[in-house]
Amino acid sequence: MAFLWHFTAVELKDTVLVTGTVLRNQTSIDKSPRSIFVNAWNVLSSYRKKTYKGKSIRIETQSQTFTVEANKKGYFFKILPIDKLVNFKVFDEKHNHLSIEQIHPYYFKNLPTSVEVISDIDDTVIHSHTASALKRIFTILFKRPKRRNKVLFSNALLDFFDENQFRIAYLSKSESNLFGLITAIFRFNKIPSGPLFLTGYLKFKSLFKPKKGKHKVDFLHHLFSNLPDKKFILIGDDTQKDMDIYAEIVNDYKSQIVKVFIRQTRFSVDKIQKEKWNTLQATGVACTYFQDDDDVEAEIENIKALLNL
């Protein structure tokens, strides 16, 4: 029987986006290990799980049934032609009921506020050392969730947005294997909840292969085009492709973007990062390149003035 490892449903304007990952067998989602060795085992064993690849799941309401295909990584994504998903159940191909066992919230309503926030996770919300594959892997393996540190400036912004009822979505290139680990980090650090948009399940060797940014670009296009009446604030960092991706999105949806925040992850900015930042600035959108010790209260006041709060 299949197992629903990660499920997320997000109300858009007149549709509902559903995404997540299905595994072949049941496993524990909550990852709150008591030692670094258990943490490392949890992470390593996640890359040995078999996915429910190439098969379909069914999402059934009282009046409608939707079939959603899982790809070879067990990953599924579909925009359903309904404005709400109410009293629904999920089934595998043999019509076995797939319960949603995750602790992290899985259903996110379309809030009445006019602004949505989309944030990267690694090195934007939590310190992950993504610039180095080896450092990232060491951090994932040997730092338990309660030992992982959050980025204070970013989290102060997120807390402010959450208090003002802005829906926050987290868009990351992190693989779905880490869903339990990421949600445990969120709980220990009291990071505001929001839909987690991750990539598909991976094999361990894939950790050493750099991933492209297409996942993020595709998701952003879906969100912007299906929320045409909303404005957006984007938050990312300078370690990977966030500035390139956000510059592309700004050029396509400039009228919908209020501001872009980019975290400076190193003490100094190199030539490539400067060029990327200059490209983002040249779009004409309001943007801030911040360091961890910048005055976040002053920035929050700027946001209040920008949004007339």
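Labelled according to an unreviewed UniProt entry, the protein appears under the name App1 family protein, originating from Psychroflexus longus.

J.: I'd like to hear about the sheet that holds strand β13 (residues 287-290), residue by residue, with values.
T.: Strand order across the open sheet formed by 6 strands is β10-β9-β8-β11-β12-β13, with parallel pairing between neighbours. The sheet is open, and its two edges are formed by β10 (196-199) and β13, each paired on a single side. Pairs of neighbouring strands in the sheet enclose a mean axial angle of 15°, with direction left out of account. Sheet topology note: the strand β12 (residues 257-263)/β13 ladder contains 4 bridges and is parallel. Across the sheet, the residue bridging to V260 is C287, located in β13.

J.: I'd like a description of unusual backbone geometry, backed by residues and values.
T.: Its identity is not glycine, yet K190 carries a phi of approximately 55°, on the positive side. Summarising the element assignment, K190 is placed in the loop between α4 (179-189) and β10. Of note, the phi angle at N308 is positive, near 55°, even though the residue is not glycine. Its relative accessible area of 70% is what places N308 among the exposed residues.

J.: Provide a residue-level description of the packing of helix α3 (residues 152-163) against helix α8 (residues 296-307), including the pertinent values.
T.: Put simply, α3 and α8 touch, their axes get as near as 10 Å, and they point 35° apart. Of the two elements, α3 crosses α8, and the hand of that crossing is right-handed. Contacts between α3 and α8 pair F153, A156, L157, F160 and F161 from the former with V296, E299, I300, I303 and K304 from the latter. Here the residues of the contact of α3 with α8 sort into 8 nonpolar, no polar and 2 charged.

Cut-offs applied
- Residues numbered from 1 in each chain as written.
- Predicted model: local features only at pLDDT ≥ 70, side-chain atom pairs only at ≥ 80, totals over all residues.
- Heavy atoms only, no water.
- Pairing = 2+ DSSP bridges.
- Helix = DSSP H or I, 4+ residues; strand = E, 2+ residues; numbered from the N terminus.
- Axes fitted to C-alpha atoms, helices over the stretch in contact; angles between N-to-C directions.
- Buried < 20%, exposed > 50% of the residue type's maximum accessible area, 1.4 Å probe, protein only.
- Left-handed = near helix turned anticlockwise from the far one by under 90°.
- Contact = heavy atoms within 4.5 Å.
- Nonpolar A, V, L, I, M, F, W, Y, C, P; charged D, E, K, R; others polar.

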